[in-house]
Amino acid sequence: MKTGIVTDDSYLEHDTGAGHPERPDRLRAIRRLIESEPSPDWLPIAARDASLEELARVHVPEHVERVAATARLAHFAFDADTPACARTFTAARRAAGGVLALVDAVMARRVSNGFAFVRPPGHHAERDRAMGFCFFNNVALAAAHLRAGHGLRRVLIVDWDVHHGNGTQHSFYRDPSMLFVSSHQYPFYPGTGAARETGAGEGEGFTLNLPFPAGYGDAQYVQAFLDVVEPVARQFAPEFILVSAGFDAHRRDPLAGMDVTENGFAMLARVLLRTARDVCQDRLVAVLEGGYDLEALMLSIGAVLSEMRCERLDETVSPPAGDRPDLRLPLEIARHYWRI
């Protein structure tokens, strides 16, 4: 089976203005990587527009209308971080739809897994608010689509972006059919993601946050995925795994203070890919979130795409040398809700 790849020219037309870190050059760099190292294992999947009905599975109509209204304006800013232009709504709708198209391709077994290279990103977008460079929550929309369009009952969302995915967490905070796991620098933007944020109501225990101090790198991230993320994921037994794949925890990234390398991201991907192989027929889709150093972005995506060939899943994943992470509170919380 092949790895599906989604990209689209419309994603380049979302203009954030001079000096903004979430810029079209990010996608151009990824395209150069794909074009310079073509692989017979990659299958392009055509993006499409998400329908208004599909957007409404996560976002209130008023929010969709506010984003759509920017098409009549040359420039508009939802906040200091989140500027829009006349082509933003088109790009954001096609970004969400590109992820849905990739999810459909995996469910139809056209590909075994995939990576959606979309922009604008999505994991900060709330049901009624654009923020943090994000307009529509691409991963949350994909999870809702898997339930509404494919009848799945358990979806795992893993967010390894350096910033907490507040929008995704809030979308499913009371929902036991969606397990949301996030590793992120803390305290940091957007201010959410404390370990004791574990869900509410029937969804209590189905949110698992791993708030890391600045400076954590490959050794700490990989150990946390082995000790906490993988055993909880296997017990949850998802029918599909979605990854909010931000690469701003890389040591070169200008917006954060983590020390992860491209090799670290490769090992995180291998942990999730082997879980997908063992529990959900390889079904895994990664969706681009952050990552603002172009060289680090290319190196990290190249490493993850290499893992998606699934040739090394049986190789041991061992944390590199380094101090062990402080996982006392996340482990206590995970063991309270899960048998690990």
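Before going into details, it helps to say that this report is about the structure given with it. Predicted model only: the values in this text are computed from it and were never measured.

So, about the overall build of the chain. Counting its secondary structure elements, the chain contains 10 helices and 10 strands. For 340 residues, the compact-globule estimate of 2.2 N^0.38 gives 20 Å, and the chain sits close to it at 18 Å. When the 340 residues of the chain are sorted by exposure, 61% land in the buried category. Long-range contacts, defined here as pairs at least 24 residues apart, represent 79% of the contacts in the chain between residues at least 6 apart. On the chain, roughly 12700 Å² of surface is accessible, and the fraction owed to carbon and sulfur atoms is 49%.

For the rest of this paragraph, the subject is empty space enclosed by the protein. Overall, the coordinates contain one cavity of 30 Å³ or more when judged by the stated rule. When its volume is computed, the largest cavity comes out at roughly 40 Å³. Lining the largest cavity are Trp160, Val243, Ala269, Leu272, Leu273, Leu284, Ala286, Val304 and Met308. Ranked by residue count, the leading element in the lining of the largest cavity is helix α8 (residues 262-279), at three residues. Looking at the lining of the largest cavity residue by residue, the class counts come to nine nonpolar, no polar and no charged.

For the rest of this paragraph, the subject is the side chain of His14. In this structure, His14 sits in the loop between β1 (3-6) and α1 (24-36). A distance of 2.8 Å separates a polar atom in the side chain of His14 from a polar atom in the side chain of Thr88. Ignoring sequence-local partners within four residues, the contact set of His14 consists of Glu22, Pro24, Pro83, Cys85, Thr88, Ala91, Arg119, Pro120 and Phe135.

The next subject is the pattern of salt bridges. Once their charged atoms are close, side chains differing in charge can pair, the charge on each being opposite to the other. In the structure shown here, the tally under the stated rule is 23 salt bridges. In this structure, Arg28 engages Asp25 in a salt bridge whose closest nitrogen and oxygen atoms are separated by 2.9 Å. A residue pair is termed a helical-turn pair when its members lie 3 or 4 positions apart in one helix, as Arg28 and Asp25 do in helix α1 at three residues. Classification of Arg28 by relative accessible area gives partly exposed; the value is 38%. Here Asp259 ties to Arg251 by a salt bridge, and the two come within 3.0 Å at their closest N and O atoms. Exposure remark for Arg251: the relative accessible area of 48% places this residue in the partly exposed category.

Next up on the list: helix α7 (residues 218-236). In this model, α7 (19 residues) spans 25 Å end to end at C-alpha, consistent with the 27 Å of a helix rising 1.5 Å per residue. Of all the bends in α7, the greatest, near 40 degrees, is centred on Phe225. Burial analysis of α7 places 15 of its 19 residues in the buried class, which makes it a mostly covered element. Ala237 sits one or two residues past α7 and shows a positive phi near 55 degrees.

Throughout the structure, instances matching the rule amount to 14 aromatic pairs. Measuring from centroid to centroid gives 6.3 Å for Phe89 and Phe136, while their planes differ by 80 degrees, and the two rings are edge-to-face. Within this pair, whereas Phe89 is found in helix α4 (residues 88-107), its partner Phe136 is found in the loop between β5 (113-116) and α5 (138-150), the two being separated by 47 residues in sequence. We classify Phe136 as buried; its relative accessible area is 2%.

Within the secondary structure layout, Arg57 lies in the loop between α2 (52-55) and α3 (61-69). Arg57 gets classed as partly exposed once you look at its relative accessible area, which sits at 33%. Put simply, Arg57 and Asp104 are 47 residues apart on the chain and 17 Å apart in space, counted from C-alpha to C-alpha. Discounting chain neighbours no more than four positions away, the residues touching Arg57 are Ala144, His145 and Ala148.

This part covers the sheet that holds strand β8 (residues 207-212). Judged by pairing direction, the sheet is parallel, and its eight strands sit side by side in the order β2-β1-β5-β10-β9-β6-β7-β8 without closing on themselves. Edge positions in the open sheet fall to β2 (42-44) and β8, since each of these has one partner strand only. Each adjacent strand pair in this sheet contributes to an overall mean axis angle of 15 degrees, direction not counted. When strand β9 (residues 240-245) meets strand β10 (residues 284-288), the two strands line up parallel, connected through five bridges. The residue of β10 that forms the bridge with Ala245 is Leu288. In this fold α5 packs onto β6 (155-159), β7 (178-185), β9 and β10, with an angle of close to 170 degrees to the strand it touches most, β9.

So, on to unusual backbone geometry. Along the chain, Arg119 connects to Pro120 via a cis peptide bond; the corresponding omega equals 5 degrees. Relative to the assigned elements, Pro120 resides in the loop between β5 and α5. Cis rather than trans, the peptide bond between Tyr186 and Pro187 has omega equal to -5 degrees. Looking at where Pro187 falls in the secondary structure, it is placed in the loop between β7 and β8. Even without being a glycine, Phe133 presents a positive backbone phi close to 75 degrees.

Contact pair α1 / helix α9 (residues 294-307): the axes reach a minimum separation of 9 Å and the direction vectors enclose 45 degrees. Taken together, the axis directions place α1 and α9 in an arrangement best described as oblique. For the element pair α1 and α9, the recorded crossing hand is right-handed. Contact with α1, carried on its side by Asp25, Arg26, Ala29, Ile30 and Leu33, involves Leu294, Leu297, Met298, Ile301 and Gly302 of α9 and no other residues of that element.

Thresholds applied
Residues numbered from 1 in each chain as written. Predicted model: local features only at pLDDT ≥ 70, side-chain atom pairs only at ≥ 80, totals over all residues. Heavy atoms only, no water. Helix = DSSP H or I, 4+ residues; strand = E, 2+ residues; numbered from the N terminus. Rg over C-alpha atoms; globule rule 2.2 N^0.38 Å. Buried < 20%, exposed > 50% of the residue type's maximum accessible area, 1.4 Å probe, protein only. Contact = heavy atoms within 4.5 Å. Areas by Shrake-Rupley, 256 points an atom, 1.4 Å probe, with all protein chains shown as cover. 1 Å grid on protein atoms, 1.4 Å probe; cavity = no way out; pocket = protein on both sides within 12 Å on 5 of 7 lines; lining within 4 Å. Points joined across faces, edges and corners; volume = space filled by probe spheres on them. Nonpolar A, V, L, I, M, F, W, Y, C, P; charged D, E, K, R; others polar. Polar contact = N/O pair within 3.5 Å; in protein donor to acceptor, adjacent residues only side chain to side chain. Salt bridge = Lys/Arg side-chain N within 4 Å of Asp/Glu carboxyl O. Expected span 1.5 Å × (residues − 1). Bend = angle between axes of the 7 residues up to and from the residue. Phe/Tyr/Trp six-rings, centres within 6.5 Å; stacked < 30°, edge-to-face > 60°. Pairing = 2+ DSSP bridges. Axes fitted to C-alpha atoms, helices over the stretch in contact; angles between N-to-C directions. Parallel < 35°, antiparallel > 145°, perpendicular 65-115°, else oblique. Left-handed = near helix turned anticlockwise from the far one by under 90°.

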